[in-house]
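Breakdown of the fold
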Amino acid sequence: MSPSSSIAAEPGAVPAPDEHHEHHPSYLTDGTTVKSWLLTLDHKRIGVMYLIWVLLFFLIGGIYALIVRLELLTPGPTIIDAMTYNRAFTMHGVVMIFLFMIPAIPGAFGNFMLPLMLGAKDVAFPKLNLTSLYLLLGGAAIAIWGMINGGMDTGWTFYTPYSTHTTTTVAPILFGAFIIGFSSIATGLNFIVTTHTMRAPGITWFKLPLFVWAMYATACIQVLATPVLGLVLLLVVGEHLFHFGIFDPALGGDPVLFQHLFWFYSHPAVYIMVLPAFGVMSEVVAAFSRKNIFGYRAVAFSSLGIAFVGFFAWGHHMFVSGQSTFNAGVFAVLTMLVGVFTAIKVFNWVGTVYKGAVDFKTPFAYFCGFLYFTVFGGMTGVAFATASLDVPWHDTYFVVAHFHFIMVGATIMAFMAALHYWFPKMFGKMYHEGWGLVSAALIILGFNATFIPQFLLGNAGMPRRYYEYPERYQTLNVASTAGASLLAFGFLISAIYLTYALVYGRRAASNPWRSRGYEWLTESPPPTHNFVGPQPTYSEEPHFYVDPKKAEVPDAV
Amino acid sequence: MQSSSAVAGTAGAPPVPQVAAHFASLEVQNHAARLGMWLFLATEILLFAGLFVCYACYRFLFPDAFAAASRELNLLMGTINTLVLITSSFTAAMAVHYAKEAQNKKVVAMFVLTILMALGFLVIKYFEYAHKFHEGQLPGAYYRFEGIQLPGVSMYFTIYFLSTGLHAFHVIIGMAVLAWVTTKAMRNEFSYRNYTAVELGSMYWHLVDLVWIFLFPMLYLI
């Protein structure tokens, strides 16, 4: 007997919604005109639109990544000239960070799931929610217009004074990022207010699903950090166009001040990307281990802890900028504190799997990849936080490999896990499990094959962003490019079977994973106002799985 | 549960406040609106905080130039502007008071006064700017002023124009917001049960005032 079928009979399992509710139209069928989608105020439709757009941006960013990897296949020029290469890696960074990593999970899954998990009919400000989507698209349009009309060669960090002197089109791309910042603030603000005011009766703060806790902590960072980025981007645009001199040493300005202000946002931004991933994984690990999450409060508070300490860690980007040894030491210790909070989460996830009845479906496969990327990427992060180790590794491929492991690896794993876990909830269809596992295996393997050679390259001294490199680095670069191709192939398979499932997939059961998450208390896909009939009651914790052993012996304590 | 379809029967009575379908009650809706506004104001303060950080850094680097340059500002005009802005904040607060009493005509009067004072603030600012343009006290590479030739003095004017310019932009946004709330007051919409728009509009105006309360001593006095 498989573990999942023995659990299926557990007492208190979520009942399927009543038969007579089945005829209620889902949010997908309630209005089918283009206008009913583009002007919708329904958080679920907005979430789906976010999903479509972030997938498109992921494709654009991915194509840039492949161009960069192809160029680095040989030591000299391969397919593009040096300037095009500089523009390609800049746009890869800008698109992936501002248009995919930051909005992906909050925009698509946060929008869709947060109100469902709170038992609310919508987010607090539906119009602001739609505005947020269009701000993202407006900012993206301006940035992409800039990309087409010249592009930018500064790298996604826009370091001054180079970014204020380069002749490439800095202004539209930075202005686009500024507008995207507004979108991020609006989403964060909406989620904080929604969590505070829209919880259904019975959902106390300590009954919030862990995804909600993670979104809440993310939203706090978005609201507190993004305005500073907005200001610094405006300053760079002004400086580029009018030569204000605020970051220009020739006019008395200080380029290191730019780095302080920039990393004050952009270091917490790493947690804007990865905290939602932690939230998704807390849901997935409970659902597929069929166990209540181990250490619920520790996981919830560690999200807030990461959000808090994340604000005091920016200085580790400036270990080699001439800051004092004392400063470096302080920032090193503060950076390592992030590792403590992350370790709390990792141990609790492992504790959840321990003696759980693991149902090894695609989302759980991504959980395994996620755990590995988080620990590996996190440990290299602790190594980087050590100032003396940072000095030789600074601006080498070791950095590139590290932040791709933790930011991209962990977030992509969570994004794919969320996509598969919530696919039946969002679209009412099932994908093909076998292809799901094949694709997950290819993606995890491809990711390792891409970035482990880059760790080695960095350790051997290859600097990042360079167009040409000595012969001796070629073998590892070829390996990395081969890995990137495998990674792209894995995503291609996912795209094919998920699109196929959207059209031809078999009808999903209301709760195919027999999950105890609150979002499964309504139908799949949910009706327009989220619930039909009486609102569900929330008397138990959101991840309340009865221990199979204890359930058979009710008297045992 | 509040019904949004119920219409007040008596002629001239303020309309019943609308409760959006996804809120449990009017109280929850108002609470959400206020919380959202407070968070938004926090982001605005953080936006200006970046400029304050720039000011602090460069004042530390160029203390003499900053002290000399700040004496070039017109203290009289700055003081008048401060008084104008504080008074406008008072009238905005009075608008909230009258909105609670459903005295919509007085709400309109108070907001019109506020907007006029905002306009006055911008006019005074225009004269200050015009004088500085004339003297060549301009940011960065455009600095032409002969009077002070200390290193870092152009940085002072960079920060002066950036921070007062960003503030003036907020004044203009605030005028638009208050004008929009005024049109609602003209339609006699506000009462004790429904004055959130007036309150939030005024809160935004207080922020504009508050930022100036920081800018004035930072740029003119010290």
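Further up the page is the structure itself.
Now for a description of the structure that goes with this document. (Residues numbered from 1 in each chain as written. Chains lettered and ligands numbered in written order. Predicted model: local features only at pLDDT ≥ 70, side-chain atom pairs only at ≥ 80, totals over all residues. Heavy atoms only, no water.)

**Describing the pattern of salt bridges**
Residue and element names in this part refer to chain A.
- As enumerated under the stated definition, the model contains nine salt bridges over all chains in all.
- For D395, the salt bridge goes to R465, with nearest N and O atoms at 4.0 Å. On the criterion of sequence distance, the pair formed by D395 in the loop between α13 (387-393) and α14 (397-427) and R465 in the loop between α15 (433-459) and α16 (474-504) is long-range, its members being 70 residues apart.
- By relative accessible area, which is 29% here, D395 ends up partly exposed.
- Here the salt bridges share partners, and the residues they tie into one network are D395, R464 and R465. (Salt bridge = Lys/Arg side-chain N within 4 Å of Asp/Glu carboxyl O. Helix = DSSP H or I, 4+ residues; strand = E, 2+ residues; numbered from the N terminus. Buried < 20%, exposed > 50% of the residue type's maximum accessible area, 1.4 Å probe, protein only.)

**Section: the side chain of D390(A)**
All names here are of chain A.
- Looking at where D390 falls in the secondary structure, it is placed in helix α13.
- Buried and without a salt bridge, D390 has R464 as its closest oppositely charged side chain, separated by 9.1 Å.
- Excluding residues that lie within four positions of it along the chain, D390 makes contacts with H316, F319, V320 and F384. (Lys, Arg positive; Asp, Glu negative; His and termini not counted. Contact = heavy atoms within 4.5 Å.)

**Details of the interface of chain A and chain B**
- Contact residues are listed per partner, giving 31 residues for chain A and 32 residues for chain B.
- Here chain A meets chain B over a buried area of about 2,600 Å², counting both sides, of which 81% is carbon and sulfur.
- On inspection of chain A and its partner chain B, the count reaches eight residue pairs in polar contact (both at pLDDT 80 or more).
- Going through the elements one at a time, α7 (170-197), α8 (210-242) and α9 (255-289) of chain A are the ones with two or more residues in the side of chain A that touches chain B.
- Broken down by element, the side of chain A that touches chain B gets its largest block of residues, eight residues, from α8(A).
- For the side of chain A that touches chain B, a count of residues per class yields 21 nonpolar, seven polar and three charged. (Buried area = accessible area lost by both parts, 1.4 Å probe. Polar contact = N/O pair within 3.5 Å; in protein donor to acceptor, adjacent residues only side chain to side chain. Nonpolar A, V, L, I, M, F, W, Y, C, P; charged D, E, K, R; others polar.)

Shape is all these values report; function is a separate question.
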